[in-house]
Amino acid sequence: TTAVTSVDWKITEIGSLLCSCTDDRTIRVWRETNENEWHNYHTFHTQHLNEWYTVTYLAIQEGGRYLVSSTQNGFLFVFDLKQKQEIVCQRMHQGSVEGVIWNKYCNLLASCSSDCCVNVYKFS
């Protein structure tokens, strides 16, 4: 792997999950199997985008079902952690996404970008 750009950690219905994203365009999900023993639960690959970018930020939904990540070229990815699959890949900004967050009810997602916009998305 290369430089790690963001990390999030939540206790979920799947267990204790630690997620990271990196310059190599992967999102790694680690699961605690025993106290202080971590194993790779899944690695999501985003290299199917045919342009240059780095995965920059990520956030695990409070309920632990979904994970959002963002890129320097304005894309947002949403992954279903339980099913281990990508469910959204869409350009949402014209600049680098500089942060992502879920609301406490897990039905809204916000992102901010170097394009001087904050976007809020309904998620269901």
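Quick note: structure is the one above.
Residues numbered from 1 in each chain as written. Predicted model: local features only at pLDDT ≥ 70, side-chain atom pairs only at ≥ 80, totals over all residues. Heavy atoms only, no water.

Student: Tell me about the pairing of strand β7 (residues 75–80), and please be specific about residues and values.
Tutor: The side chains of a regular strand alternate, first on one face of the sheet and then on the other. A large share of β7 lies buried, amounting to 6 of its 6 residues. Pairing analysis gives 5 bridges linking strand β6 (residues 66–71) to β7, with the strands arranged antiparallel. Each residue of the ladder has a partner; that of V68, found in β7, is V78. Hairpin connection between β6 and β7: a loop of 3 residues separates the two successive antiparallel strands, and G74 in this loop has a positive phi of roughly 90 degrees. In this structure, β7 lies alongside strand β8 (residues 85–91), joined through 6 bridges in antiparallel fashion. Pairing of D80 across the sheet is with Q85, part of β8. (Buried < 20%, exposed > 50% of the residue type's maximum accessible area, 1.4 Å probe, protein only. Helix = DSSP H or I, 4+ residues; strand = E, 2+ residues; numbered from the N terminus. Pairing = 2+ DSSP bridges.)

Student: Account for the environment of S96, with residues named and values stated.
Tutor: With respect to the element layout, S96 can be found in the loop between β8 and β9 (97–102). Classification of S96 as buried rests on a relative accessible area of 13%. S96 has contacts with T56, T71, Q72, C112, S113 and S114, leaving out every residue within four places of it along the chain. Separated by 2.9 Å, the side chains of S96 and E98 make a polar contact. (Contact = heavy atoms within 4.5 Å. Polar contact = N/O pair within 3.5 Å; in protein donor to acceptor, adjacent residues only side chain to side chain.)

Student: Which residues make up the side chain of S70, and what are the values?
Tutor: Within the fold, S70 resides in strand β6. Setting aside residues up to four positions removed in sequence, S70 forms contacts with T54, V55, T56, Y57, F75, L76, V97 and V100.

Student: I'd like a description of the nonpolar core, backed by residues and values.
Tutor: Residues I27, V29, L67 and L81 are the most contacted members of the largest nonpolar core, which totals 18 residues. Elements represented by at least two residues in this core include exactly β2 (15–22), β3 (26–34), β4 (37–45), β5 (55–60) and β7. Other than its neighbours up to four places away in sequence, L67 contacts C19, I27, L58, A59, I60, F77, V78, F79, L81 and W102. With 11 residues, the next largest nonpolar core counts A59, Y66, L76 and V78 among its residues. (Core = buried A, V, L, I, M, F, W, Y, C linked by side-chain atoms within 4.5 Å.)

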